[in-house]
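Secondary and tertiary structure notes
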Amino acid sequence: MNPSSTPTTAALSAHGIIAGYAGVNVLHEVSMEVAAGEMLAIVGPNGSGKSTLLRVLAGTMRPWRGRVELEGAPLDSFDRRALARRIASVSQENTVAFCFTVMEIVLMGRAPHLGAFRFEGRRDLEIAEAALDRFDLLPLARRHIEELSGGERKRVFLARALTQEPRVMLLDEPTAFLDLKHVVGIFTRLRELASSRGMAVVATLHDLNAAAAYADRVMLLKDGRVVGCGAPAEVLTERNLRSVYETEIYVGTNPITGKIAILPAHDPALR
Amino acid sequence: MNEMSNQADRGALLGAYLTPARMASVLLALLVILVISMLIAAEFGTARISLVRAVTDPKSSDHAIFFAARLPRLMMAMVVGAMLATVGAALQALVRNPLAEGGILGISGGGALGAIVALVFLSRIGGSETTIVPLVAFGAALLSTVAVYRLAEVDGQLEPFTLLLVGVIFNAFWGAAIMVVNSVVNFYYAHSILFWLMGSLEAPTWQEVELVAALGLAGFAVLAWHARDMNLLSLGDEAAAELGVEVDRLRRLIFIATSVMIGAVVSVSGIIAFVGLIVPHMLRLAFGSDHRLLLPASLIGGAVFMVIADLIARVAISPAEIPVGAITALFGGPFFVYMLRREGGRPLGL
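Residues numbered from 1 in each chain as written. Chains lettered and ligands numbered in written order. Predicted model: local features only at pLDDT ≥ 70, side-chain atom pairs only at ≥ 80, totals over all residues.

1. Focus: the overall build of chain B
Across its full length, chain B carries 15 helices and two strands. Against the globule reference of 20 Å for 350 residues, chain B gives a C-alpha radius of gyration of 21 Å, in line with a compact fold. Along the three orthogonal principal directions, the C-alpha set of chain B runs to about 75 × 50 × 35 Å. Here chain B holds 350 residues, and 51% of them are scored as buried. Long-range contacts, defined as pairs at least 24 residues apart, comprise 78% of the intrachain contacts of chain B with a sequence gap of at least 6. (Helix = DSSP H or I, 4+ residues; strand = E, 2+ residues; numbered from the N terminus. Rg over C-alpha atoms; globule rule 2.2 N^0.38 Å. Buried ≥ 20, exposed ≤ 12 C-beta atoms within 10 Å, placed from the backbone. Contact = placed C-beta atoms within 7 Å.)

2. Regarding helix α6 (residues 180–197) of chain A
Residues and elements named next belong to chain A. With 18 residues, α6 extends 25 Å from end C-alpha to end C-alpha; this agrees with the ideal 26 Å at 1.5 Å per step. Every buried residue belonging to α6 is among Ile186, Phe187, Leu190, Leu193 and Ala194, and all of these are buried. Along α6, the residues classed as buried sweep out an arc of 125° about the axis, all on the same side. Among the exposed residues of α6, those pointing more than 90 degrees away from its buried face are Leu180, Lys181, Thr188, Glu192 and Ser196. Of the surrounding secondary structure, the elements contacted by the buried residues of α6 are β3 (39–43), α5 (150–163), β8 (200–205) and α7 (208–214). (Expected span 1.5 Å × (residues − 1). Arc of directions from axis to C-beta.)

3. Brief notes about the interface of chain B and chain A
Contacts between chain B and chain A engage 33 residues on the former and 28 residues on the latter. Here the side of chain B that touches chain A is composed, by residue class, of 15 nonpolar, nine polar and nine charged. (Nonpolar A, V, L, I, M, F, W, Y, C, P; charged D, E, K, R; others polar.)

4. Quick word on the pairing of strand β12 (residues 260–264) of chain A
Residue and element names in this part refer to chain A. Inspection of the sheet shows strand β11 (residues 249–253) paired to β12 by five bridges, in the antiparallel sense. Bridging from a neighbouring strand, Tyr250 pairs with Leu263 of β12. Counting the residues between successive antiparallel strands, the hairpin from β11 to β12 contains six residues, one of them, Gly258, with a positive phi of roughly 80°. (Pairing = 2+ DSSP bridges.)

5. Things to note about the sheet that holds strand β5 (residues 73–74) of chain A
Residues and elements named next belong to chain A. Spatial ordering of the open sheet is given by β2-β1-β4-β5, a layout of four strands whose pairing is antiparallel. The open sheet terminates on both sides in strands that have one partner only, identified here as β2 (24–34) and β5. As paired strands, strand β1 (residues 12–21) and β2 are joined by seven bridges and run antiparallel to one another. Within β2, the position partnered with Ala14 by the bridge is Met32. The sheet strands contacting helix α1 (residues 50–58) are β1, β2 and β4 (65–70), and the helix crosses β1 at an angle near 120°. (Axes fitted to C-alpha atoms, helices over the stretch in contact; angles between N-to-C directions.)

6. As for helix α13 (residues 275–287) of chain B
All names here are of chain B. When the terminal C-alpha atoms of α13 are compared, their 18 Å separation across 13 residues agrees well with the 18 Å that a helix rising 1.5 Å per residue should span. Taken residue by residue, α13 has Val275, Gly276, Leu277, Ile278, Val279, Pro280, His281, Leu283 and Arg284 as its buried positions. Check the buried side of α13 and you find it contacts α4 (61–95), α14 (291–315) and α15 (324–342). Phi for Gly288, located one or two positions after α13, is positive at around 90°.

7. With respect to the sheet that holds strand β6 (residues 87–90) of chain A
Residue and element names in this part refer to chain A. Pairing is mixed in the open sheet, where six strands are placed in the order β6-β7-β8-β3-β9-β10. Of all strands in the sheet, those with a lone pairing partner are β6 and β10 (225–230), marking the two edges. For this sheet the average axis-to-axis angle between neighbouring strands, irrespective of direction, equals 15°. Alignment of strand β9 (residues 217–222) against β10, held across five bridges, turns out to be antiparallel. Counterpart to Leu220 in the pairing with β10 is Gly228. Across the face of the sheet, α1 comes into contact with β3, β6, β7 (168–172), β8 and β9 while running at roughly 150° to β7.

8. Considering unusual backbone geometry
Residues and elements named next belong to chain A. One non-glycine residue, Glu165, adopts positive backbone phi at about 50°. In this structure, Glu173 is a non-glycine residue whose phi angle is positive, near 50°. Secondary-structure assignment places Glu173 in the loop between β7 and α6.

9. Concerning the nonpolar core
Grouped together as the largest cluster of nonpolar side chains are 196 residues, with contacts concentrated most on Leu57, Val106, Val201 and Val202 of chain A together with Val80 and Val265 of chain B. Top contributing element to this core by residue count: α4 of chain B, with 18 residues. (Core = buried A, V, L, I, M, F, W, Y, C linked by C-beta atoms within 7 Å.)

10. A look at the packing of helix α2 (residues 20–43) of chain B against α14 of chain B
All names here are of chain B. Contact geometry for α2 and α14: axes closest at 9 Å, N-to-C directions at 15°. Relative to α14, α2 is oriented roughly parallel. Considering the relative orientation of α2 and α14, their crossing is left-handed. Between α2 and α14, the residues in contact are Met23, Val26, Leu27, Leu30, Leu31, Ile33, Leu34, Ser37, Met38 and Ala41 and Arg292, Leu293, Pro296, Ala297, Ile300, Gly301, Ala303, Val304, Val307, Ile308, Asp310 and Leu311, respectively. In terms of residue class, the contact of α2 with α14 is built from 18 nonpolar, two polar and two charged. (Parallel < 35°, antiparallel > 145°, perpendicular 65-115°, else oblique. Left-handed = near helix turned anticlockwise from the far one by under 90°.)

11. Some details on the confidence of the model for chain B
All names here are of chain B. On average, chain B scores 86 in pLDDT, and the residues at 70 or more come to 91%. Mean pLDDT per element in chain B: helix α1 (residues 2–13) is the minimum at 53, and helix α10 (residues 227–233) is the maximum at 96. In this model, residues 1–8 is a region of pLDDT below 50 whose contacts with residues beyond four sequence positions or in other chains number zero contacts. Under a pLDDT of 50 for its full length, residues 344–350 has, in the predicted model, 15 contacts with residues more than four places off or in other chains. (pLDDT = per-residue confidence, 0-100.)

12. Re the confidence of the model for chain A
All names here are of chain A. Predicted confidence across chain A gives a mean pLDDT of 91, with 96% of residues reaching 70 or more. Mean pLDDT across the elements of chain A ranges from a minimum in β12, with 91, to a maximum in β3, with 97. Taken together, the stretch residues 1–6 has pLDDT below 50 and engages in zero contacts with residues farther than four places along the chain or on a different chain.

13. Quick notes on the packing of helix α4 (residues 122–134) of chain A against α5 of chain A
Residue and element names in this part refer to chain A. At their nearest, the axes of α4 and α5 sit 9 Å apart, and the two run at 145° to each other. As α4 packs across α5, the resulting crossing turns out to be right-handed. Of the residues in α5, those touching α4 at Ile127, Ala128, Ala131, Leu132 and Arg134 are Ala159, Leu162 and Thr163. A class-by-class count of the residues in the contact of α4 with α5 yields six nonpolar, one polar and one charged.

14. Focus on the environment of Tyr245 of chain A
Structurally, Tyr245 of chain A is set in helix α9 (residues 238–245). Tyr245 of chain A sits 199 residues away from Asn46 of chain A along the chain, and the two C-alpha atoms are 9.7 Å apart.

Right, here's the structure in full:
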């Protein structure tokens, strides 16, 4: 074999994952991997198993069969705290009971690095401050989380995840319900972080255009099976999308960025 | 330039999170308030005494009243209040709901029933009541806690309204059971039914004070050690797990520690409700929600609250006495309604 094609160890990989809830099988033999510095988008219709896959990758849900490896070591070989120092997750819903300030929430990302009662040290504070700064949150540091808008809250939780100093970030719909400005801002920052820190980013996305514009690779799921995985232009084809979403879809080119652009092609007036 | 913006950032972060200095100053201030309220509460009662004479003149009646009656009672008020408030704060963290509290959720009721049943049996067969009664009360409180938690869980989610309804049902049920046991069994030295249902700090012995304080401190140590994990729990079970918390283990620890504390408290003071609701809520409003401060602040704040409530119970209609649980409920009822209305906009803080 060609020695130059020898794969370097993936940051996170899953092999033959079968998983589900209460006897209902959601994922069928799903395999994937993401490299350090890479941004992988998981797309697919509702109920295709995107969030379940993220749970399995995060280690909060045990697969029935198959295995997940973090930098070549089985996920089971890490305890929860060790895992939290390497993998950070941001879920779709971010509810907080009780009134915490933005800074308090972001500092929670240091918890896996600190002992039970130890206060955050200088370095912890600097890391949190840099994460706040990265997401333009410094002016909001003292505000209470419940006073913030949806976009601001999402940034707070991304900053908290960043404060964990993870090797892998798992994001469930990081830009759902956000306006375009926030979508662009968040993806730009995530891309920067992936390349500057060699962080692997895995994000589930409904927005196919965002996946096409920002992800290095796209994984297309349908009914818990992988339909395709690779460069956006190779996976997000009219043929694939038509079969997965069961509707007419047009794939063109964004004249400004040169990336592919996806539009629904079903015209109700024509019927 | 860089230096300047750095300084501005530091300003933005000032007071945005808990520092050791802030924690120390808050706890110190609360301690001062506790000492002052203890001094006031020591002077007043059915008989007004002089603290100075009580300490300096061992032959005075002031000395006798102070050391035999008033001091143990003050200590008991302090310990009971401290435990009720920290248990409240911990249960609220557990169920992610500021309206949770041992009395409201019916856990204290379960513990009290356990204590009564233990007393009845011991009066028949004989045995050391000071250790066995709190032990049985602990078991009953633990069963109640787990039952309330499991019943309020719908599809893995704790529904706030279901939780409160389950509490209402448990309270009614345990209350009725206590009535029945008390009516059927005519035990000679038993506390009155009012003691169990309304709570009272009348005539504690030093031995009781010591036992409850020891159990309380042990429970508090376990809770305080997991204060940071409780902060993470506010983000939800899954998010807490993703931040390194062993959620099931933490939940079991909180179940056990709070049940030990509730068991100890109810076996000496009956059901005293609302302290665990009012005190943590006020402290959160004043000092924020970080449990590293909230738990020790509740310990001291609960003691202050109870010492004052007990003072009112003793002097309001002196020489007669109001059960201290009636005082806390008179304050707590309207307070609960206020919190319910306030939290009404969002689903009860969830």
